[in-house]
Amino acid sequence: MEVRVAAEGEIPEGGVKIIQAGSLFVGIYLVDGRYYAIEDRCSHDDGPLCEGDRDGLTVECPRHGATFDLRTGDALTLPATVGVETFPVIVRDGDILIET
Ligand code: FES
């Protein structure tokens, strides 16, 4: 299912927008001109992942510091051992959409 998450230009370069779609929370990032959408729920203990700091294509959970790859959702460092979901991003007719 496609979900509209923002208007094109709404998310600044280097920024993130967190949206809710049903029970799902997703952070949509714009990094170096590309969009990435990742589940806003840490696999370690359900922390608000996308409220953490981003360094390049890595985001750090603000609760206990686990890091995740924005492209794949893979867990890169402990205490997380399991990845989180990522979603394809589509830019169409001035809208940003994700596929959930
Ligand atoms: S809840 Fe994210 S590292 Fe613990």
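Residues numbered from 1 in each chain as written. Predicted model: local features only at pLDDT ≥ 70, side-chain atom pairs only at ≥ 80, totals over all residues. Heavy atoms only, no water.

**Q** Would you explain the sheet that holds strand S1 (residues 2-7) in this entry?
**A** Backbone hydrogen bonds are what pair the strands of a sheet, in a parallel or an antiparallel way. Taken in spatial order, the three strands line up as S1-S10-S9 in an open sheet, and their pairing is antiparallel. Lying at the two open borders of the sheet, with one neighbouring strand each, are S1 and strand S9 (89-92). Neighbour-to-neighbour, the strand axes of the sheet open up by a mean angle of 30°, direction not taken into account. Sheet topology places S1 next to strand S10 (residues 95-99); five bridges connect them, and they run antiparallel. Paired with Val3 across the strands is Ile98, a residue of S10. (Pairing = 2+ DSSP bridges. Helix = DSSP H or I, 4+ residues; strand = E, 2+ residues; numbered from the N terminus. Axes fitted to C-alpha atoms, helices over the stretch in contact; angles between N-to-C directions.)

**Q** Explain the sheet that holds strand S8 (residues 86-87) to me, please; I cannot follow it from the model alone.
**A** Read across the open sheet, the four strands follow the order S2-S3-S4-S8; overall the sheet is antiparallel. A single partner strand is all that each edge strand has here, and the edge strands are strand S2 (16-21) and S8. In terms of strand pairing, strand S4 (residues 34-39) meets S8 through two bridges, oriented antiparallel. By the bridge assignment, Ile38 is partnered in S8 with Thr86.

**Q** Which parts of the structure should I look at to understand the nonpolar core?
**A** The tendency in soluble globular proteins is for nonpolar side chains to be buried side by side. Counting 15 residues, the largest nonpolar core has Val5, Ile11, Ile19, Val26, Ile28 and Ile98 as its most contacted members. Of all the elements in the fold, those that place two or more residues in this core are S1, S2, strand S3 (24-31), S4 and S10. Here the element with the most residues in this core is S3; it accounts for four residues. Counting residues in each nonpolar core, the second largest holds 14 residues, with Ile38, Cys42, Leu49 and Ala80 among its members. (Core = buried A, V, L, I, M, F, W, Y, C linked by side-chain atoms within 4.5 Å. Buried < 20%, exposed > 50% of the residue type's maximum accessible area, 1.4 Å probe, protein only.)

**Q** Where do I start with the environment of Ala66 in this structure?
**A** Along the polypeptide, Ala66 turns up in the loop between strand S6 (58-60) and strand S7 (67-69). The class for Ala66 is buried, based on a relative accessible area of 1%. Taking the C-alpha atoms as reference points, Ala66 and Asp46, 20 residues apart in sequence, are found 12 Å from one another. Once residues within four sequence positions are removed from consideration, Ala66 is found in contact with Val59, Glu60, Cys61, Thr77, Leu78, Pro79 and Ala80. (Contact = heavy atoms within 4.5 Å.)

**Q** Whenever I open this one, the pairing of S4 confuses me. Can you help?
**A** On a regular strand, one side chain projects to one face of the sheet and the next to the other, so that they alternate. Burial analysis of S4 places five of its six residues in the buried class, the great majority of the element. Note that S3 and S4 share six bridges and pair antiparallel. In the strand pairing of S4, Val26 is matched with Glu39. Linking S3 back to S4 in an antiparallel pair, the connection comprises two residues, with Asp32 at a positive phi of about 50°.

**Q** Would you explain unusual backbone geometry in this entry?
**A** Most peptide bonds adopt trans geometry, and most residues besides glycine take a negative phi value. Of note, the amide linkage connecting Leu78 to Pro79 takes the cis form, showing an omega dihedral of 10°. Within the secondary structure, Pro79 is located in the loop between S7 and S8. Its identity as a non-glycine residue notwithstanding, Asp46 has a phi of 65°, on the positive side. Even without being glycine, Asp93 reaches a positive phi, approximately 50°. If you trace the backbone, Asp93 turns up in the loop between S9 and S10.

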